[in-house]
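Residues per chain, in single letters:
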Amino acid sequence: MVDVVTSLNEAIRRRGPWSLPNLLTYGRIVAIPALVALLFWPWDDWARWTALGIYVVAAVTDYLDGWLARSWGQQSAIGRMLDPIADKLLVCALLLMLVHTETIKGWAIWAAIVILCREILVSGLREFLAELKVSVPVSKVAKYKTTAQLFALGFLVAGPAGDKVLPYNTQIGIVMLWIAALLTIYTGWDYLNSGIRYLVEEDERAS
């Protein structure tokens with residue numbers, strides 16, 4: 001017990017690239033190839049449930065790493081860089097694999113495309129504005145989108161295995177994916193509009 005407390009204290013004091021919040025972010029990135037590998041066996045229940053377990057842990061660390069970094073004063077440049085990258089890699093990899101396994105199919109593929117395009121758009125916009133030292137704050141709607149997307153992917157990762165426990169599990173996931181896609185369109189336009197407005201004002205000042 002003393003060793004556990006000592007290790008925890010050391011983790012709290014540790015800063016830089018090997019702080020606990022950053023380790024959680026690294027773990028989320030490492031989880032991605034494991035999830036992809038498991039979803040290559042989409043009709044095996046054990047693979048679906050194992051993938052869901054890993055996904056839930058990864059989703060929890062997405063909340064924990066930021067909260068711990070702020071609470072313990074361990075915010076770092078590498079953490080700020082990697083945290084959104086880890087989130088986007090996880091979402092994009094899962095969407096691609098769920099389309100591959102036909103858990104997402106038909107018209108629902110358009111919802112996945114919208115989410116993927118928005119991730120690319122916002123990433124590019126943030127990178128461009130960061131060079132100009134302009135921050136793009138996260139809106140409340142964007143947080144709702146993230147929550148809907150989080151739950152949608154959870155239901156869809158469980159997929160057919162989840163349907164055996166919860167009737168219409170996959171359909172629930174698809175509905176939530178569409179909700180996330182609609183919120184994605186709104187937040188994507190909001191970010192784009194903010195960026196364009198700044199660029200227009202910058203051009204006007206320059207002229």
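What counts and what doesn't
Residues numbered from 1 in each chain as written. Predicted model: local features only at pLDDT ≥ 70, side-chain atom pairs only at ≥ 80, totals over all residues. Heavy atoms only, no water. Helix = DSSP H or I, 4+ residues; strand = E, 2+ residues; numbered from the N terminus. Buried < 20%, exposed > 50% of the residue type's maximum accessible area, 1.4 Å probe, protein only. Contact = heavy atoms within 4.5 Å. Areas by Shrake-Rupley, 256 points an atom, 1.4 Å probe, with all protein chains shown as cover. Polar contact = N/O pair within 3.5 Å; in protein donor to acceptor, adjacent residues only side chain to side chain. Expected span 1.5 Å × (residues − 1). Salt bridge = Lys/Arg side-chain N within 4 Å of Asp/Glu carboxyl O. Patch = residues over 30% accessible without salt bridge, like charges linked within 9 Å, V, L, I, M, F, W, Y side chains within 5 Å. Core = buried A, V, L, I, M, F, W, Y, C linked by side-chain atoms within 4.5 Å. Disulfide = S-S within 2.5 Å. pLDDT = per-residue confidence, 0-100.

1. Focus: the overall build of the chain
Of regular secondary structure, the chain possesses seven helices and zero strands. Helices (α) and strands (β) of the chain occur, in sequence order from the N terminus, as α-α-α-α-α-α-α. For the chain, buried positions account for 37% of its 207 residues. Look at the contacts in the chain between residues 6 or more apart in sequence, and 76% of them connect residues 24 or more apart. Accessible area for the chain stands at about 12100 Å²; split by element, carbon and sulfur atoms hold 70% of it.

2. Brief notes about the side chain of Thr-61
Within the element layout of this structure, Thr-61 appears in helix H3 (residues 45-71). By relative accessible area, Thr-61 is classed as buried at 10%. Side-chain polar atoms of Thr-61 contact the backbone oxygen of Ala-58, separated by 2.7 Å. Contacts of Thr-61, omitting those with residues within four sequence positions, involve Leu-24 and Arg-28.

3. Digging into helix H2 (residues 20-38)
With 19 residues, H2 ought to run about 27 Å at 1.5 Å a step, and its terminal C-alpha atoms sit 27 Å apart, in line with that. Here H2 has its buried residues at Pro-21, Asn-22, Leu-24, Thr-25, Tyr-26, Arg-28, Ala-31, Ile-32, Leu-35 and Leu-38.

4. Describing unusual backbone geometry
If you check the backbone angles, Glu-102 has positive phi at about 65° while not being a glycine. Locating Glu-102 in the fold gives a position in the loop between helix H4 (77-100) and helix H5 (108-131). Positive phi values are uncommon outside glycine, yet Tyr-168 reaches one of about 65°. Position of Tyr-168 among the secondary structure elements: in the loop between helix H6 (140-163) and helix H7 (169-206). Its relative accessible area of 59% is what places Tyr-168 among the exposed residues.

5. Let's talk about the pattern of salt bridges
Under the criterion given, the structure shown has five salt bridges. Of the charged contacts in the structure, one is a salt bridge between Glu-119 and Lys-88, with a shortest N-O distance of 3.6 Å. In this pair, Glu-119 sits in helix H5 while Lys-88 sits in helix H4, placing the two residues 31 residues apart along the sequence. Across the pair Lys-145 and Glu-119 runs a salt bridge, and its minimum N-O distance is 3.7 Å. One end of the pair, Lys-145, is in helix H6; the other, Glu-119, is in helix H5, with 26 residues separating them in the sequence. Each member of the pair, Lys-145 as well as Glu-119, is classed as buried.

6. Looking at a nonpolar patch on the surface
There is a patch of nonpolar side chains on the surface, built from Trp-107, Trp-110, Ile-113 and Trp-178 and spanning about 500 Å² of accessible area. With respect to the element layout, Ile-113 can be found in helix H5.

7. Quick look at the nonpolar core
Formed by 32 residues in total, the largest nonpolar core has its most connected members in Leu-94, Leu-95, Ile-104 and Leu-177. Mapped by element, the contributors of at least two residues to this core are H2, H3, H4, H5, H6 and H7. In contact with Leu-94, not counting residues within four places along its chain, are Leu-35, Leu-39, Tyr-55, Leu-153 and Val-157.

8. Observations concerning the state of the cysteines
Scanning the model with the defined rule gives zero disulfides in all. No disulfide involves Cys-92; its nearest neighbouring cysteine sulfur is the one of Cys-117, lying 9.8 Å away. Its relative accessible area of 21% is what places Cys-92 among the partly exposed residues.

9. Some words on the confidence of the model for the chain
Averaged over all residues, the pLDDT of the chain is 82; the fraction at 70 or higher stands at 77%. Here helix H1 (residues 2-13) stands out as the least confident element of the chain, with mean pLDDT 53; H6 is the most confident, with 91.

10. Comments concerning the side chain of Glu-119
With a relative accessible area of 6%, Glu-119 lands in the buried category. Apart from the residues lying within four places of it in its own chain, the contact partners of Glu-119 are Lys-88, Cys-92, Lys-145 and Gln-149.

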